[in-house]
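# What the coordinates show
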Amino acid sequence: MAAETVFSTERLRRARFAVAAVFCVHGAVTGSFATRIPWIQEHAGVSAGQLGLALAFPALGASLSMPLAGAISHRFGARTALRGLLALWTLSLTLPSLAPNVWGLCGVLFVYGATAGMSDVAMNALGVETENRLGKSIMSSLHGMWSVGALLGSAAGTVAAHIGADARVHHLLAALALTALGLACCQGVLDVQSAPDEEAPPRFSLPPKSALVIGAIGFCAVFAEGASLDWSAVYLQDELGSSAGLAAASTTAFALTMAVARLVGDRVVDRFGAVRTVRVGGAVATLGGLMVVLAPHAAVAMAGFGLIGLGVAVVVPLAFAAAARSGPNPSQAIAGVATITYTSGLIAPSAIGGIADATSLLFSFGLVTLLALGLVLGAGVLRSGARSAAASNRADDAPAKSSGPVA
């Protein structure tokens with residue numbers, strides 16, 4: 001078990017704000033990259049098919065690197081590990097715009113994804129550690145801050161693209177600013193050290209069984225999220241004959257719904273618990289899926305997509321929290337769940353397209369509706385993460401115990 005440290009209530013509050021800022025910085029890198037993909041595609045001279053191949057490499061790099069985060073944390077401590085991994089992630093933003101061709105783009109995106117995955121595990125594990133010691137849910141709002149960061153990064157990228165800025169210059173300036181901000185934020189996070197006699201986690205290992213079960217819930221949520229985010233505009237245009245502007249507004253509304261729901265989700269979780277929250281959320285998402293499939297016109301479908309976003313918004317944060325509390329090695333469990341959710345996010349867009357080609361886009365969102373129903377049926381696996389504030393170890397009442405070695 002990790003070395004125990006008693007933190008004051010004020011210190012824990014500052015740590016919460018610090019880790020929330022880290023999530024925001026992490027999301028800003030993703031938003032900054034996504035808006036300049038067209039520039040990168042043109043600069044590297046790659047076709048749409050080659051770009052699709054290259055964009056699979058971030059998830060591949062993340063999946064392979066995530067288990068390393070636990071070993072790095074064990075050796076250097078939570079704060080130092082997060083500081084280094086987050087800096088690698090923010091600086092990796094400079095790489096994609098430098099790629100000269102498709103193979104170079106695949107290589108740099110693999111590195112980009114690897115640094116993203118390791119820093120993702122590190123900040124989520126520290127988020128769970130902070131949540132444990134505060135004695136109340138904060139993971140949903142942390143992921144909401146990631147969404148806020150992604151929106152801010154994409155807004156800045158949109159401005160840069162609009163004025164015709166070179167992506168190499170844009171990403172260099174953004175990387176330097178985000179690295180400086182990230183390092184400053186890391187100063188405020190908890191510094192949890194492993195006990196001297198604690199065995200180091202393996203560098204590479206299969207996810208524990210508990211993570212596989214919990215990850216299945218995350219898979220359903222991320223699949224529904226990815227499908228809605230990438231295909232809602234196409235669905236409104238192709239199935240319901242909406243204008244391009246209205247279809248694009250649907251995607252933006254979905255992203256905003258997700259962000260807002262995550263920012264306020266902690267209060268709901270604290271009041272009703274993780275299991276009940278996910279069950280109700282799954283029911284809401286299922287209703288949204290039915291509205292999309294049965295929609296007679298665009299307004300109903302847009303409302304349905306909004307309900308899907310509302311219903312799945314807090315599932316992944318709760319899955320990470322449940323994974324961290326499901327066994328003796330939180331980092332390994334979080335890495336397992338993160339790998340499954342990354343895989344879901346990778347295959348969802350292509351799976352929806354493949355099913356639509358074989359049948360119809362309507363049938364594809366019928367599958368999304370069934371996966372949303374799976375959240376209702378499988379929410380019980382998150383029970384290991386459901387805990388009341390009264391049952392937690394508050395720093396001002398008793399020495400806080402770590403849930404184990406954290407990333």
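Residues numbered from 1 in each chain as written. Predicted model: local features only at pLDDT ≥ 70, side-chain atom pairs only at ≥ 80, totals over all residues. Heavy atoms only, no water.

Our next topic: the overall build of the protein. Within the protein, the secondary structure is distributed over 16 helices and 0 strands. A total of 407 residues make up the protein; the buried ones form 53% of that total. Within the protein, contacts between residues at least 6 apart in sequence are counted, and of these 86% link residues at least 24 apart. Summed over all atoms, the accessible surface of the protein reaches about 16300 Å², with 67% contributed by carbon and sulfur. (Helix = DSSP H or I, 4+ residues; strand = E, 2+ residues; numbered from the N terminus. Buried < 20%, exposed > 50% of the residue type's maximum accessible area, 1.4 Å probe, protein only. Contact = heavy atoms within 4.5 Å. Areas by Shrake-Rupley, 256 points an atom, 1.4 Å probe, with all protein chains shown as cover.)

Let us look at the nonpolar core. Core analysis: the biggest nonpolar cluster contains 109 residues, and Val 22, Leu 82, Leu 105, Phe 305, Phe 365, Leu 375 and Leu 382 have the highest contact counts within it. Considering each element in turn, this core owes the most residues, 15 residues, to helix α7 (residues 102-134). Among residues more than four places away in sequence, those in contact with Leu 375 are Ile 217, Cys 220, Ala 221, Val 278, Gly 282, Val 312 and Val 315. (Core = buried A, V, L, I, M, F, W, Y, C linked by side-chain atoms within 4.5 Å.)

Across the protein, the average pLDDT comes to 82, with 87% of residues at 70 or higher. Averaged pLDDT values for the elements of the protein fall to 76 in helix α15 (residues 330-358) and rise to 96 in helix α9 (residues 167-186). Here residues 385-407 scores under 50 on pLDDT; set against residues more than four positions off or in separate chains, the count is 66 contacts. (pLDDT = per-residue confidence, 0-100.)

This next bit is on the packing of α7 against helix α8 (residues 139-162). When two helices pack together, their arrangement is given by the angle between their axes and by how far apart the axes lie. Their axes nearest at 10 Å, the elements α7 and α8 cross at an angle of 145°. Where α7 crosses over α8, the two elements pack in a sense that is right-handed. For the pair α7 and α8, contact is made by Met 123, Asn 124, Gly 127, Val 128 and Glu 131 and by Met 139, Leu 142, His 143 and Trp 146, respectively. Per-class residue counts for the contact of α7 with α8 are 5 nonpolar, 3 polar and 1 charged. (Axes fitted to C-alpha atoms, helices over the stretch in contact; angles between N-to-C directions. Left-handed = near helix turned anticlockwise from the far one by under 90°. Nonpolar A, V, L, I, M, F, W, Y, C, P; charged D, E, K, R; others polar.)

Attention shifts here to the packing of aromatic side chains. Applying the stated criterion to the full structure yields 6 aromatic pairs. For the ring pair Phe 33 and Tyr 112, a centre distance of 4.9 Å and an interplane angle of 45° mean the geometry is tilted. In this pair, Phe 33 sits in helix α1 (residues 9-34) while Tyr 112 sits in helix α7, placing the two residues 79 residues apart along the sequence. We classify Tyr 112 as buried; its relative accessible area is 5%. Among the aromatic side chains, those forming a connected cluster through ring pairs are Phe 33, Trp 89 and Tyr 112. (Phe/Tyr/Trp six-rings, centres within 6.5 Å; stacked < 30°, edge-to-face > 60°.)

Here the focus is α8. Between its first and last C-alpha, α8 extends 35 Å over 24 residues, near the 34 Å set by a 1.5 Å rise per residue. Those residues of α8 lying buried are Met 139, Ser 140, Ser 141, Leu 142, His 143, Gly 144, Ser 147, Gly 149, Ala 150, Gly 153, Gly 157 and Ala 160. Residue Gly 164 follows α8 closely and has a positive phi angle near 75°. (Expected span 1.5 Å × (residues − 1).)

Residues Leu 91, Leu 172 and Leu 176 make up a contiguous nonpolar surface patch of about 270 Å² in total accessible area. Turning to its location among the elements, Leu 91 is positioned in helix α6 (residues 78-91). (Patch = residues over 30% accessible without salt bridge, like charges linked within 9 Å, V, L, I, M, F, W, Y side chains within 5 Å. Salt bridge = Lys/Arg side-chain N within 4 Å of Asp/Glu carboxyl O.)

This paragraph deals with the layout of surface pockets. Each pocket or cavity is described by its volume, and for the largest pocket that value is around 1800 Å³. Among the elements of the structure, α1, α4 (57-65), α7, α8, α10 (209-240), α11 (244-272), α14 (315-324) and α15 are those that each provide at least two residues to the lining of the largest pocket. Among the residues making up the lining of the largest pocket, the classes are represented as 26 nonpolar, 15 polar and 4 charged. (1 Å grid on protein atoms, 1.4 Å probe; cavity = no way out; pocket = protein on both sides within 12 Å on 5 of 7 lines; lining within 4 Å. Points joined across faces, edges and corners; volume = space filled by probe spheres on them.)

On to the pattern of salt bridges, then. Per the stated rule, a full pass over the model turns up 4 salt bridges. We note a salt bridge from Arg 13 to Glu 10, for which the minimum N-O separation is 3.5 Å. Here Glu 10 and Arg 13 lie together in helix α1, a separation of 3 residues that amounts to about one turn. Among the ionic pairs, Arg 168 bridges to Asp 166, the shortest N-O distance being 2.8 Å. Among the residues examined, Asp 166 registers a relative accessible area of 24% and is labelled partly exposed.

The interhelical angle for the contact between α1 and α6, taken along N-to-C directions, is 20°, at an axis separation of 10 Å. Comparing their axes, α6 and α1 come out roughly parallel. Viewed along their axes, α1 and α6 form a crossing whose handedness is left-handed. Along its contact with α1, which presents Arg 11, Val 22, Val 25, His 26, Val 29 and Thr 30, the element α6 presents Arg 79, Leu 82, Leu 86, Trp 89 and Thr 90. Among the residues making up the contact of α1 with α6, the classes are represented as 6 nonpolar, 3 polar and 2 charged. (Parallel < 35°, antiparallel > 145°, perpendicular 65-115°, else oblique.)

The end-to-end C-alpha separation of helix α12 (residues 274-294) is 30 Å, in line with the 30 Å expected for 21 residues at 1.5 Å each. Residues Ala 274, Val 275, Thr 277, Val 278, Gly 281, Gly 282, Ala 285, Thr 286, Gly 288, Gly 289 and Val 292 constitute the buried set of α12.

Okay, the state of the cysteines next. Considering all chains together, one arrives at 0 disulfides under this definition. For the unlinked cysteine Cys 186, the closest cysteine sulfur is that of Cys 185, found at 7.0 Å. (Disulfide = S-S within 2.5 Å.)

Take the environment of Asp 266 next. Within the secondary structure, Asp 266 sits in helix α11. For the pair formed by Asp 266 and Ile 138, sequence separation is 128 residues and the distance between their alpha carbons is 5.6 Å. Not counting the four nearest positions on each side in its chain, Asp 266 is found in contact with Arg 16, Ser 137, Ile 138, Met 139, Ser 140 and Ser 141. Within polar-contact distance, the side chain of Asp 266 engages the side chain of Ser 141 at 2.6 Å. (Polar contact = N/O pair within 3.5 Å; in protein donor to acceptor, adjacent residues only side chain to side chain.)

To continue, consider the side chain of Arg 11. Of note, Arg 11 is situated in helix α1. No salt bridge is formed by the buried Arg 11; its nearest oppositely charged neighbour, Asp 191, is found at 7.7 Å. Engagement of the side chain of Arg 11 in a polar contact is seen with the backbone oxygen of Gly 188, the distance being 2.9 Å. Those residues in contact with Arg 11 that lie beyond four places of it in its chain are Arg 79, Gly 188, Val 189 and Leu 190. (Lys, Arg positive; Asp, Glu negative; His and termini not counted.)

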